[in-house]
Amino acid sequence: EHNYFLWFFFLMWNTSAWALLIPLVIPPRTVLIFLTMFIMFFGLLMSGAMAPFDYEKIYENNFLSVLSGFLSTPRYFVESLVVSSGRCMPPQYGFTSDPTISAGFPEEKNAFRLMGMAMNDPSVSNFTCNGWFWNLGPALMVGLTLRYIAFGVINTFNQGQQAKKSFFTHRLIRQGSKSLYIKTALYWVILIALFVLTCFLIL
């Protein structure tokens, strides 16, 4: 039960991250329908649970792994719940193994391998009812990276709609061009670092 609520939190964490970012770049008149269609379309297409982008194809292709991790909000939610449930089943179901009764059973015949799930975790077939948290890092970092992008967008563009001066004009007048360049460069360095770390955790 605690495992379900944790992954439901991260499902909302990633969904709300897109809900913060998309309204900043889509006109208010169409943002609701666009956001709904975006989450539904990529949530179904790239969650890994259905063709053409099933788990096996996602794990085989690094680009698809990163793309689905960012675009599909239920990507880690679905897989983590299924794997957590499977790891709590006795060996006769094919998800877990017990050396005392299944010695020599080929790992490639494990049910998780046949389904293409949890391919990055070599210990996924170990029996445990404590959940599966391999995707915790990627789920956390995807939401954090999207929020950081939204932070940059909201503080840079459409300042007039917030009763503020243009970002560049305001910073140039108040702090000078040197400070503007330093802060802009710092923002991009942090963003690139977040993206690289997220990709590392996904892959």
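All residue numbers here refer to positions counted from 1 along the written sequence of the relevant chain. Reporting of local features is limited, given that this is a predicted model, to residues whose pLDDT is at least 70; pairs of side-chain atoms are given and counted only at 80 or more, and all residues count toward the totals for whole chains, interfaces and linings. Water and hydrogen atoms were dropped before computing side-chain values, which therefore reflect all heavy atoms in the structure.

Counting secondary structure elements, the protein contains eight helices and zero strands. Put simply, the protein runs from its N terminus to its C terminus through helices and strands in the order α-α-α-α-α-α-α-α. Residue pairs in contact within the protein that sit at least 24 positions apart in sequence constitute 66% of those at least 6 positions apart. In these tables, accessible area is a Shrake-Rupley quantity obtained with a 1.4 Å probe, and a residue counts as shielded only by the protein chains included in the view. For the protein, the exposed area adds up to about 11900 Å²; of that, 71% sits on carbon and sulfur atoms. Comment: elements are numbered from the N terminus, with helices defined as DSSP H or I runs of at least four residues and strands as E runs of at least two. Here, residues are in contact when the closest pair of their heavy atoms is within 4.5 Å.

As a further point, take the state of the cysteines. The rule for a disulfide is simple: a pair of cysteine sulfur atoms within 2.5 Å. The final tally for this structure, using the stated rule, is one disulfide. Paired through a disulfide, Cys 88 and Cys 129 show a sulfur-sulfur distance of 1.8 Å. On the sign convention where negative is left-handed, the bridge of Cys 88 and Cys 129, at about 85° about the S-S bond, is right-handed. Residue Cys 88 is found in the loop between helix 5 (75–87) and helix 6 (111–115), and its partner Cys 129 is found in the loop between helix 6 and helix 7 (136–154); the two are separated by 41 residues along the sequence. For each residue, the accessible area found with a 1.4 Å probe, counting protein chains only, is set against the maximum for its type, and the residue is called buried under 20%, exposed over 50%, and partly exposed in between. Of the residues examined, Cys 129 reaches a relative accessible area of 45% and is grouped as partly exposed.

With that settled, the discussion passes to unusual backbone geometry. Looking along the chain, the bond that leaves Ala 51 and enters Pro 52 is cis, with omega of 5°. Phi at Ala 118 takes a positive value of approximately 50°, unusual for a residue other than glycine. Tracing the backbone shows Ala 118 in the loop between helix 6 and helix 7. Of the residues examined, Ala 118 reaches a relative accessible area of 0% and is grouped as buried.

On to the confidence of the model for the protein, then. The predicted structure's coordinates, where accompanied by low pLDDT, should not be read in detail. For every residue, the pLDDT score states the predictor's confidence, bounded by 0 at the bottom and 100 at the top. Looking at the protein as a whole, the pLDDT averages 85, with 88% of positions reaching at least 70. Taken element by element, the predicted model of the protein shows its lowest mean pLDDT in helix 8 (residues 167–202) (80) and its highest in helix 4 (residues 62–71) (94).

Let's shift gears to the packing of aromatic side chains. Only Phe, Tyr and Trp rings take part, Trp by its six-membered ring, and two of them pair if their centres are within 6.5 Å. Stacked means planes under 30 degrees apart, edge-to-face means over 60, and tilted covers everything else. This structure, assessed with the given rule, holds 16 aromatic pairs. With a centroid separation of 5.6 Å and 75° between ring planes, the pair formed by Tyr 4 and Phe 5 is classed as edge-to-face. Relative to Phe 10, the ring of Phe 9 lies with its centre 5.2 Å away and its plane at 80°, an arrangement referred to as edge-to-face. Judged by its relative accessible area of 48%, Phe 9 falls in the partly exposed class. The side chain of Arg 147 reaches across the aromatic face of Trp 13, ending 3.8 Å from its centre. Definition used: whenever NZ (Lys) or CZ (Arg) falls within 6 Å of the ring centre and also within 35 degrees of the ring normal, the charge is taken to sit over that ring.

A few words on the side chain of Ser 65. For Ser 65, the location among the structural elements is in helix 4. Overall, Ser 65 belongs to the buried group, its relative accessible area being 7%. Residue contacts for Ser 65: discarding those within four places in its chain leaves Ile 58, Tyr 59, Ile 202 and Leu 203.

Here the focus is the nonpolar core. Core analysis: the biggest nonpolar cluster contains 28 residues, and Trp 18, Ile 22, Phe 38 and Leu 146 have the highest contact counts within it. When contributions to this core are tallied by element, the ones reaching two or more residues are helix 1 (2–21), helix 2 (28–45), helix 4, helix 5, helix 7 and helix 8. Looking at which element gives the most residues to this core, the answer is helix 1, with seven residues. For Leu 146, the contacting residues outside a window of four places in its chain are Ala 17, Trp 18, Leu 21 and Phe 70. What makes a nonpolar core is a set of buried Ala, Val, Leu, Ile, Met, Phe, Trp, Tyr and Cys residues whose side-chain atoms join them at distances within 4.5 Å.

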